[in-house]
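So you can see what is in the structure, the chains are spelled out below.
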Amino acid sequence: MCCLAATFNLFKYINLTPQISLNDRMYTSKVRRSWDPNASAEVCDTTYSLYNVWDFNASVSLDTKIYGFFQPMKFLGDKVKMIRHVLTPTISFSGAPDFSSPFFGYYGNYSYQDSKGETVTKKYSLFPNALYGVPGQGRQGVVSVSLANNVEMKVKSDNDSIGEKKISLIENFSVSQSYNFAADSMNWSNIQTSLLLRLVKNFNLSLSATWDVYTYQLNSAGNPVRVNVPRWKAGKGLGRLSSTGTSFSYTFNNNTFKRKDKKDDKKKSGSVDDEPDNSHELENTSGDFRNNRTGNSETADSGLQLNDDGYMAWEVPWSLTFNYSVNYGYGAFNKKKMEYDGKITQNLSFSGNIQPTKNWNFGFSASYNFDTHKIAYMNCNISRDLHCFTMTASFIPVGPYKSYNFHIAVKSSLLQDLKYDKRSSMTNGVTWY
């Protein structure tokens, strides 16, 4: 793939960006198809050689930035100093020829008579199993328009060195749509919108939505089909929400509920005396292990970590992650309204891990089904480091796929065949409870 692009400045405020993209592929086989009237079937003929398949497209875009400032009235308070709105409009045009025409030789066609005696012409690609795809069919002449918005607020702050800070009200809100001049119908694309809000420091809310701009009718078989009648011509508004969704994820671990030690903060800031008090590190002639912060040689050789009092530092690393997603889309078709009814789907998954000792590790993952109000899937696993051996066990305690798997093997790759496996599954009829 080759891409050439450059940016020029027009009238100091408008950016002009022309771009040309070229895709080149090489394949070693070509499949030609024809119709055999005697067998009433399609016949394929594969030839092997080196075939060069390429396509290209050209585009040009114009964009600029428009700034708007708003200062709240004084009777509303002086906490908010200024609100800034940045609007970024972009207009682009892209075009490409019809690569399915005989001039390029990437597609073929043949005709045959169906059971009703009617002549049917079928167009097919000469490279059906192409790894990197083939050029598309139909001409393209698309004009796209998008609007991106950003809204920030500057407020007074006593915690900042300059006495003010910026707060993001809308990180990004964009709307885009395109029109294809080369298409014979359905020229308008769906309206695409996206919203990004920075709610707190480490949490962002991201939403994307698609708005359908065409209407639906029933065909001869009674099935809904999209027709070339825009919604605004049918008096149904500009567009109808067809799909949207968002997801939330958060992880709890050892550091989630820890409070910062004020003494540590003072040490970092240099408020504590530079000369540490080493009186507690003097040699303890009574043999009290708690006063020996460095530990003895046996403790050092064993790899144990000691705390400030000389005891073994016992820490249990753990983590718990929640992931929730909600999506809205088309459901069943309502023939009275001639519209699709909306459908909301939710998904909740969670996973965790805990390591009580250096060699033990426990983990699990599960998901919850909001339709059945049950745990849809759960997988638990346990592992143990046995120095020269490794032992692992996993099991699925709920659901239709209840099973377990136990594995113990030698670590050394030279003895990789020295292992023991025990498992159950629904396919071999072995159950475990």
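The paragraphs below set out a description of the structure included in this document. In this text, all values refer to a predicted model and were calculated from it rather than measured experimentally. (Residues numbered from 1 in each chain as written. Predicted model: local features only at pLDDT ≥ 70, side-chain atom pairs only at ≥ 80, totals over all residues. Heavy atoms only, no water.)

### Concerning the environment of Met338
Our working rule: Runs of E in the DSSP output that reach at least two residues are strands. Runs of H or I that reach at least four are helices, and both are numbered from the N terminus. Here, two residues are considered to be in contact whenever any of their heavy atoms come within 4.5 Å of each other.
The residue Met338 is located in the loop between strand 16 (318-334) and strand 17 (339-354) in this model. For Met338 and Leu218, which are 120 residues apart along the polypeptide, the C-alpha to C-alpha distance reads 8.4 Å. Excluding residues that lie within four positions of it along the chain, Met338 makes contacts with Tyr216, Gln217, Leu218, Lys236 and Phe333.

### Overview of the pairing of strand 10 (residues 164-180)
Put simply, the rule is: DSSP-based pairing: two strands are paired if at least 2 bridges between them are found.
In the sheet, strand 9 (residues 140-156) pairs with strand 10 via 14 bridges, with the strands oriented antiparallel. Note that in strand 10 the partner of Ser144 across the bridge is Ser178. Pairing of strand 10 with strand 11 (residues 191-200), which is carried by five bridges, proceeds in the antiparallel orientation. Looking across to strand 11, one finds that Ser176 is bridged to Gln192.

### A closer look at the packing of aromatic side chains
The condition is simple: Aromatic contacts are taken between Phe, Tyr and Trp rings whose centres are within 6.5 Å, Trp giving its six-membered ring; a plane angle under 30 degrees counts as stacked, one over 60 as edge-to-face, and the others as tilted.
Per the counting criterion, the structure on display carries 28 aromatic pairs. Here the aromatic rings of Tyr216 and Tyr340 are separated by 5.3 Å at their centres, their planes lie at 85 degrees, and the arrangement is edge-to-face. Placement of Tyr216 in strand 13 (residues 214-218) and of Tyr340 in strand 17 is noted, with a sequence separation of 124 residues between them. Aromatic ring contacts, followed pair by pair, group Trp54, Phe56, Phe99, Phe103, Phe104 and Tyr106 into a single cluster.

### A short note on a nonpolar patch on the surface
What counts here: The patch calculation keeps residues exceeding 30% relative accessible area without a salt bridge and links them within 9 Å when they carry like charges or within 5 Å when they are nonpolar (Val, Leu, Ile, Met, Phe, Trp, Tyr). Where accessible areas are quoted, they stem from the Shrake-Rupley method and a 1.4 Å probe; at the residue level, only the protein chains shown are allowed to cover. Definition used for salt bridges: Asp or Glu carboxyl oxygen within 4 Å of a side-chain nitrogen of Lys or Arg.
On the surface, a nonpolar cluster with roughly 690 Å² of combined accessible area is contributed by Leu10, Phe11, Tyr13, Ile14, Leu62, Ile91 and Val145. Residue placement: Leu62 occurs in strand 4 (residues 41-63).

### Points about the pattern of salt bridges
Threshold: Using a 1.4 Å probe on the protein chains alone, a residue whose accessible area is under 20% of its type maximum counts as buried, one over 50% counts as exposed, and one in between counts as partly exposed.
A full pass over the atoms with the stated rule returns twelve salt bridges. Residue Asp385 is joined to Lys411 by a salt bridge in which the shortest nitrogen-to-oxygen separation is 2.6 Å. Residue Asp385 is located in strand 19 (residues 374-386), and its partner Lys411 is located in the loop between strand 21 (403-410) and strand 22 (419-423); the two are separated by 26 residues in the primary sequence. Given the relative accessible area of 44%, Lys411 is considered partly exposed.

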